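Working through the structure, step by step
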Amino acid sequence: MFKNMTLQTRLIGSFFFMGLIVLTMALLGWFTTNELNQYINILATDNIPSVSGIWKINEGQTQIQSAERLLFDPEVTVSERQGAITQIQDAWKQINEGIKQYEATPLSEQEKKEYGLVKEQLDAWKQAHEKLLDIEQQFTQLGIRNPWKKQIELIRQGKEKTSDFAIVQAPIELRNRMDSEGANREEPLFKITDDQAGKLLKLNEGYISDTQKEVEQNVARSIFWISVGIAIDPITAIIFGFIIARKIAFQILGVVRVAEQISTGNLTTQVTADSNSKDEMNRLLTAFQTMTQNLNTLIRQVQHSGIQVTTSATQIAVSGKQLEGTLTEQVASTNEVAAATKEISATSRELVSAMEQVAAISQITTTAANDSQKDIVRMETTMRQLAEATNAIAARLGVISEKANSINTKEISPASVIHTLPHRSNQILRGLVSIRGELRLCISLSDLLNLEAADTAVQSLSPVVYSRMVVLEKADKTWVFGVDELYGVHRFQRDELQDPPKSLTQTYTKGLFHWQPSGSQMEQSHSVSYLDDELLFTTLARKVV
């Protein structure tokens, strides 16, 4: 899964996964809160106002009924009667407020049906109540609150046939009508209306109970999913992070192990890497693998050159021994020539024989001399081969040293946006720039070299002058810095390099040389500073890295 992913992609994926978990929990909390808010709105704008309106109607009816009972009391005073009438008026106001409040809420079909019955019974009860109050008003206007008591007093006084006794009959009839109206019509209608309002109240209480159950179910469901999220999300994040961290740590430990073995001089270490993988660690292992292969190849070449040197030395030694044998033969031949000369003086007969021997010995000497000359030529050839092998080794070592110390100009690119690093960017390290999709450190050579910006524009050395970025590689480190102008590559002889002035001896200037652009119309040449690259890049590595 992670084989073809870069380290940056893995880290971004990890943070994206963590963000997804947090987003999931946030969405779950948002949906739960939104659903609870909907139920609360239903309770606040529908159920509770409906129940409150019904309660106002029911309570107003109860207050009216209580005040009516006070009006039926024959011993009630005028102030008490007026208080009862005021209570009845306030109760009707409360009933009307309850009706308006209930009708303002959304009603289901069943509520509309039940409320229609309540409204119908309430209107009938109101008519009966108003009729009862009208009879009570007529009764009150007669001025006799207790006609039965007045009638008993007249009977005791023997005034049954007087006009006063006849006057008492009218309040008694009105009071009987009040009792009949209240008992036969107003009271039954009140009970029917009260029962119907109770049904409507129970219906709305059922709606509240259903809403409460749904809220409880929603809360339980939300608690369950939140508990599952709290239990699963951290475990998933830990497992996912452990897998990624273990993968990265395993690769880093592998790279460190290979680097440690190579640092001890063990170049036979087997480095296993997938060259097609996009993983940075795999690319680093591939680089180590290529480096060890190149070093092994170079060592084999050096060993082969050493073998050639040893073979040449052996051949020189053999040729020396052969030359020593030839010289010995020459000494022996010379001794024989001396003996032959002595024999010549001894006998003339032996002269011919001695001359023949001298000729033979001379022939042998000539042959030996020719052989010696061939050996010397062979020795000269061997020495020349030895010198060539030594020069080849020196050349290879020079190439290795030059590769290790050379500066490689990798790329000249247009000016790019510099991204500053928090708590790291400074005057020298300006930040990071993207070069062909890779982030590189961007430095400011002007700040490192303490160069002051010119007040006037610099005279152009080329018709096309614009700011660019130079990408350099030194000792496996890549550096990017901006330049105002870029002329090209200029070569000069070592003897052209002059010593810097004393004011520049403590800087990065290694020397000065004169330079004039090709094709330039200016007669005066420029004095250019030759920088000490070792000191410059060592200082950069110390101050930046």
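Here, the structure is the one placed above.
When helices and strands are tallied, the protein shows nine helices and seven strands. When the 545 residues of the protein are sorted by exposure, 28% land in the buried category. Restricting the contact set of the protein to residue pairs at least 6 apart, pairs at least 24 apart contribute 69%. Counting only carbon and sulfur atoms, one obtains 57% of the accessible surface of the protein, whose full area is about 35500 Å².

This brings us to the nonpolar core. Within the largest apolar cluster, 24 residues are counted, with the highest numbers of intra-cluster contacts made by Ile 64, Ile 95, Trp 125 and Leu 200. Broken down by element, the residue count for this core peaks at eight residues, all from helix H2 (residues 78-103). Aside from chain neighbours lying at most four places away, what touches Ile 64 is Ile 88, Ala 91, Trp 92, Ile 95, Trp 125 and His 129. Judged by nonpolar contacts, the second largest core, of 15 residues, contains Leu 472, Val 483, Leu 536 and Leu 540.

Turning our attention to unusual backbone geometry. With phi around 55 degrees, Arg 436 is a residue other than glycine that occupies positive phi space. For Arg 436, a relative accessible area of 73% puts it in the exposed group.

The next point concerns the packing of aromatic side chains. For the structure shown, the criterion picks out five aromatic pairs. An angle of 35 degrees between the planes, with centres 5.0 Å apart, marks the rings of Tyr 102 and Tyr 115 as tilted. Of this pair, Tyr 102 sits in helix H2 while Tyr 115 sits in helix H3 (residues 109-141), placing them 13 residues apart in sequence. Across this residue pair, the class does not change: Tyr 102 and Tyr 115 are buried. A centroid spacing of 5.9 Å and a plane angle of 45 degrees characterise the contact between Trp 125 and Phe 190, whose relative ring orientation is tilted. One end of the pair, Trp 125, is in helix H3; the other, Phe 190, is in helix H5 (residues 163-263), and 65 residues separate them in sequence. For the residue pair Trp 125 and Phe 190, the accessibility class agrees, reading buried in each case. An aromatic cluster of three or more residues is present, and its members are Trp 92, Trp 125 and Phe 190. Stacked on the ring of Trp 92, the Lys or Arg Lys 126 has its end atom at 5.1 Å from the ring centre.

What follows covers the packing of H2 against H3. The packing of two helices is summarised by the inter-axis angle and the distance between the axes. Following both chains from N to C, one finds H2 and H3 inclined at 165 degrees, their axes separated by 13 Å at the closest point. Classified by the angle between their axes, H2 and H3 sit roughly antiparallel to one another. At the point where H2 passes H3, the crossing takes the left-handed sense. Contacts from Arg 81, Ile 88, Trp 92, Ile 95, Ile 99, Tyr 102 and Glu 103 of H2 reach H3 at Glu 111, Tyr 115, Lys 119, Leu 122, Trp 125, Lys 126, His 129, Leu 133, Glu 136, Gln 137 and Thr 140. Counted by class, the contact of H2 with H3 contains nine nonpolar, three polar and six charged residues.

Judged by side-chain polarity, Phe 16, Leu 20, Leu 23, Leu 27, Trp 30 and Phe 31 come together as a nonpolar surface patch covering roughly 660 Å² of accessible area. Following the sequence through the fold, Leu 23 ends up in helix H1 (residues 7-71).

Now for H5. An α-helix turns once per 3.6 residues; consequently, residues spaced three or four apart project the same way. Here H5 spans 142 Å end to end across 101 residues, near enough to the 150 Å set by a 1.5 Å rise per residue. Taking the largest bend as the criterion, H5 deviates by roughly 40 degrees, centred on Gly 182.

A few words now on the side chain of Gln 196. With respect to the secondary-structure elements, Gln 196 resides in helix H5. When its relative accessible area of 10% is taken as the criterion, Gln 196 is described as buried. Here Glu 114 takes part through its side chain, which lies 2.7 Å from a polar atom of the side chain of Gln 196. Sequence-distant contacts of Gln 196, that is, excluding residues within four places in its chain, are made with Glu 114, Leu 117 and Val 118.

Here we take up the side chain of Asn 204. By secondary structure assignment, the location of Asn 204 is in helix H5. At 2.9 Å, the side chain of Asn 204 forms a polar contact with the backbone oxygen of Leu 200.

A separate point is the environment of Ile 252. Mapped onto the elements, Ile 252 comes out in helix H5. Sequence separation of Ile 252 and Leu 284 is 32 residues, and the distance between their C-alpha atoms is 9.8 Å.

This part covers the environment of Pro 171. In this structure, Pro 171 sits in helix H5. Take Pro 171: its relative accessible area is 1%, and that puts it in the buried class. The sequence separation of Pro 171 and Gly 143 amounts to 28 residues, and the corresponding C-alpha distance is 8.6 Å. Pro 171 has contacts with Phe 139, Leu 142, Ile 144 and Pro 147, leaving out every residue within four places of it along the chain.

Rules used throughout
Residues numbered from 1 in each chain as written. Predicted model: local features only at pLDDT ≥ 70, side-chain atom pairs only at ≥ 80, totals over all residues. Heavy atoms only, no water. Helix = DSSP H or I, 4+ residues; strand = E, 2+ residues; numbered from the N terminus. Buried < 20%, exposed > 50% of the residue type's maximum accessible area, 1.4 Å probe, protein only. Contact = heavy atoms within 4.5 Å. Areas by Shrake-Rupley, 256 points an atom, 1.4 Å probe, with all protein chains shown as cover. Core = buried A, V, L, I, M, F, W, Y, C linked by side-chain atoms within 4.5 Å. Phe/Tyr/Trp six-rings, centres within 6.5 Å; stacked < 30°, edge-to-face > 60°. Lys NZ or Arg CZ within 6 Å of the ring centre and 35° of its normal. Axes fitted to C-alpha atoms, helices over the stretch in contact; angles between N-to-C directions. Parallel < 35°, antiparallel > 145°, perpendicular 65-115°, else oblique. Left-handed = near helix turned anticlockwise from the far one by under 90°. Nonpolar A, V, L, I, M, F, W, Y, C, P; charged D, E, K, R; others polar. Patch = residues over 30% accessible without salt bridge, like charges linked within 9 Å, V, L, I, M, F, W, Y side chains within 5 Å. Salt bridge = Lys/Arg side-chain N within 4 Å of Asp/Glu carboxyl O. Expected span 1.5 Å × (residues − 1). Bend = angle between axes of the 7 residues up to and from the residue. Polar contact = N/O pair within 3.5 Å; in protein donor to acceptor, adjacent residues only side chain to side chain.

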